[in-house]
Amino acid sequence: TLVLSGDKSQAATAAGVTRTTIYKWYELQHFRDALNQAVGAMLAELSRMLVTRSAAACDVLEEIMNDLEAASSVRVRAADILLSRMLQVYQLTDLEERITRLEAANNGNK
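Residues numbered from 1 in each chain as written. Predicted model: local features only at pLDDT ≥ 70, side-chain atom pairs only at ≥ 80, totals over all residues. Heavy atoms only, no water.

Colleague: Break down the nonpolar core for me, with residues and values.
Modeller: Counting six residues, the largest nonpolar core consists of Leu2, Ala11, Ala12, Ile22, Phe31 and Leu35. The set of elements that each furnish at least two residues to this core consists of helix H2 (8–15) and helix H4 (29–66). Each residue touching Phe31, except ones within four places of it in the same chain, is listed here: Leu2, Trp25 and Tyr26. (Core = buried A, V, L, I, M, F, W, Y, C linked by side-chain atoms within 4.5 Å. Buried < 20%, exposed > 50% of the residue type's maximum accessible area, 1.4 Å probe, protein only. Helix = DSSP H or I, 4+ residues; strand = E, 2+ residues; numbered from the N terminus. Contact = heavy atoms within 4.5 Å.)

Spelled out as structure tokens, the structure:
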């Protein structure tokens, strides 16, 4: 519950403890580490789900974009979404490569 919603009251109820206990647990490094690990695992799973569904989403957008019977505003929006996402992926990939090079250079200077 805490990982999904971040709501300490709901988490306390689900765990059968008070909110005060949840706040005390937050003071413990191993609790925060475990919470961060759980959040990381959830994000990794969500990322895998998005990746597996992204091709189908692109197919839908491409189908709409190429549908000559669809309103031109809808077709333009589908094309815009595809181009925008492509640019975002390019920028993120470029940024990741640049960071990797900077980290490698920084590690070489130590």
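The rest of the description comes next.
Colleague: Quick rundown of the layout of surface pockets? Include the residues and the values.
Modeller: In this structure, the largest pocket encloses a volume near 250 Å³. Lining the largest pocket, in full, are Ser47, Leu50, Val51, Ser54, Ala57, Cys58, Leu61, Ile81, Leu82, Arg85 and Val89. Of all the elements in the fold, those that place two or more residues in the lining of the largest pocket are H4 and helix H5 (72–108). For the lining of the largest pocket, the leading source of residues is H4, giving seven residues. Grouping the constituent residues of the lining of the largest pocket by class yields eight nonpolar, two polar and one charged. (1 Å grid on protein atoms, 1.4 Å probe; cavity = no way out; pocket = protein on both sides within 12 Å on 5 of 7 lines; lining within 4 Å. Points joined across faces, edges and corners; volume = space filled by probe spheres on them. Nonpolar A, V, L, I, M, F, W, Y, C, P; charged D, E, K, R; others polar.)

Colleague: Explain the packing of H4 against H5 to me, and be specific about the residues and the numbers.
Modeller: Remark: H4 packs on H5, axes separated minimally by 8 Å, with the N-to-C direction vectors making an angle of 145 degrees. Note on packing geometry: the crossing formed by H4 with H5 is left-handed. Facing H4, whose interface residues are Cys58, Leu61, Glu62, Ile64, Met65 and Asn66, H5 presents Val74, Arg75, Ala78, Ala79, Ile81 and Leu82. (Axes fitted to C-alpha atoms, helices over the stretch in contact; angles between N-to-C directions. Left-handed = near helix turned anticlockwise from the far one by under 90°.)

Colleague: Explain the confidence of the model for the protein to me, using residue names and the numbers behind them.
Modeller: Segments scoring low in pLDDT should not have their predicted coordinates read at a detailed level. When pLDDT is averaged across the protein, the result is 91; 99% of the residues are at 70 or more. Of all the helices and strands in the protein, helix H1 (residues 2–5) carries the lowest mean pLDDT, 78, while H5 carries the highest, 93. (pLDDT = per-residue confidence, 0-100.)

Colleague: If you had to explain the packing of aromatic side chains to someone new, which residues and values would you point to?
Modeller: Summed over all chains, the structure comprises two aromatic pairs. With centroids separated by 5.7 Å and ring planes inclined at 45 degrees, the aromatic side chains of Trp25 and Phe31 adopt a geometry described as tilted. Taking the relative accessible area as the measure of exposure, Trp25 reaches 31% and is therefore partly exposed. On the numbers, 5.5 Å between centres and 65 degrees between planes, the contact of Tyr26 with Phe31 is edge-to-face. By relative accessible area, Tyr26 is classed as partly exposed at 23%. With a relative accessible area of 18%, Phe31 lands in the buried category. Counting every residue linked through ring pairs, the aromatic cluster contains Trp25, Tyr26 and Phe31. In this structure, Lys8 is placed above the aromatic ring of Tyr26, and the distance from its NZ or CZ to the ring centre is 4.7 Å. (Phe/Tyr/Trp six-rings, centres within 6.5 Å; stacked < 30°, edge-to-face > 60°. Lys NZ or Arg CZ within 6 Å of the ring centre and 35° of its normal.)

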